[in-house]
Amino acid sequence: MKLSIENILGVRSATLDLSTPLTVIAGPDRTARSAIARALYGFHKLRRDVGRLAAVKDRLKQSAIRGNDSIDLLRFLATCKQETQD
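This structure is a prediction, so every number in the text was calculated from the model and none was measured.

What counts and how
Residues numbered from 1 in each chain as written. Predicted model: local features only at pLDDT ≥ 70, side-chain atom pairs only at ≥ 80, totals over all residues. Heavy atoms only, no water. Helix = DSSP H or I, 4+ residues; strand = E, 2+ residues; numbered from the N terminus. Buried < 20%, exposed > 50% of the residue type's maximum accessible area, 1.4 Å probe, protein only. Contact = heavy atoms within 4.5 Å. Areas by Shrake-Rupley, 256 points an atom, 1.4 Å probe, with all protein chains shown as cover. Pairing = 2+ DSSP bridges. Core = buried A, V, L, I, M, F, W, Y, C linked by side-chain atoms within 4.5 Å. Expected span 1.5 Å × (residues − 1).

K.L.:
A description of the overall build of the protein should follow, citing residues and the corresponding values.
P.N.:
Looking only at helices and strands, the protein has two helices and two strands in total. From first element to last, N terminus to C terminus, the protein shows the α and β order β-β-α-α. In the protein, which comprises 86 residues, the share counted as buried stands at 15%. Summarising the internal contacts of the protein: among those between residues at least 6 apart in sequence, 30% fall at separations of at least 24. By element, 54% of the accessible surface of the protein is carried by carbon and sulfur atoms, the whole surface being about 7,000 Å².

Given below as structure tokens:
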């Protein structure tokens with residue numbers, strides 16, 4: 001998987017190959033290394049959050065299929081959060 005960054009936090013254009021087990025960001029001062037690292041972190045967080053939303057959506061579907069017309073929302077979200085962390 002490759003992550004392309006364009007016009008973000010001072011980075012005109014960069015492509016990171018995320019299929020390798022280690023990504024090294026190197027360069028002289030003032031070349032936006034930290035900006036690239038922040039973009040990579042944001043991408044990872046977004047992927048994780050989207051996965052959590054998919055888990056919530058699946059659980060809501062399952063609940064509707066079982067005929068449940070009410071949900072204890074706090075317990076439901078806590079269960080979803082626990083399942084995505086396992």
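The structure having been displayed, the exposition proceeds.
K.L.:
Hey, could you go over the pairing of strand β1 (residues 2–8) for me, with residue numbers and the actual values?
P.N.:
Pairing of β1 with strand β2 (residues 11–17), which is carried by six bridges, proceeds in the antiparallel orientation. Bridge pairing in β2 places I8 opposite V11. Following β1, the chain reverses through two residues before pairing antiparallel with β2; L9 in that reversal takes a positive phi of roughly 50°.

K.L.:
How would you summarise the environment of L3 if you had to cite specific residues and measurements?
P.N.:
Position of L3 among the secondary structure elements: in strand β1. Through-space distance from the C-alpha of L3 to that of L40 is 8.0 Å; in sequence the pair is 37 residues apart.

K.L.:
Any details on unusual backbone geometry? Residues and values, ideally.
P.N.:
The phi angle at R30 is positive, at roughly 60°, despite the residue not being glycine. Considering the arrangement of structural elements, one finds R30 in the loop between β2 and α1 (33–65). A positive phi angle, near 70°, is found at A32, a position not held by glycine. With respect to the helices and strands, the residue A32 is situated in the loop between β2 and α1.

K.L.:
Could you give an account of the nonpolar core, naming the residues involved and the relevant values?
P.N.:
Formed by L3, I5, V11, A14, L16, A35, I36 and A39, the largest nonpolar core amounts to eight residues. Looking at this core, the elements that each hand over two or more residues are β1, β2 and α1.

K.L.:
Outline α1, supporting the account with residue identities and numerical values.
P.N.:
With 33 residues, α1 extends 48 Å between its outermost C-alpha atoms, agreeing within 8% with the 48 Å of an ideal straight helix rising 1.5 Å per residue. Of the residues making up α1, those classed as buried are A35, I36, A39, A55, V56 and S63. G67 sits one or two positions beyond α1 and adopts a positive phi of about 90°.

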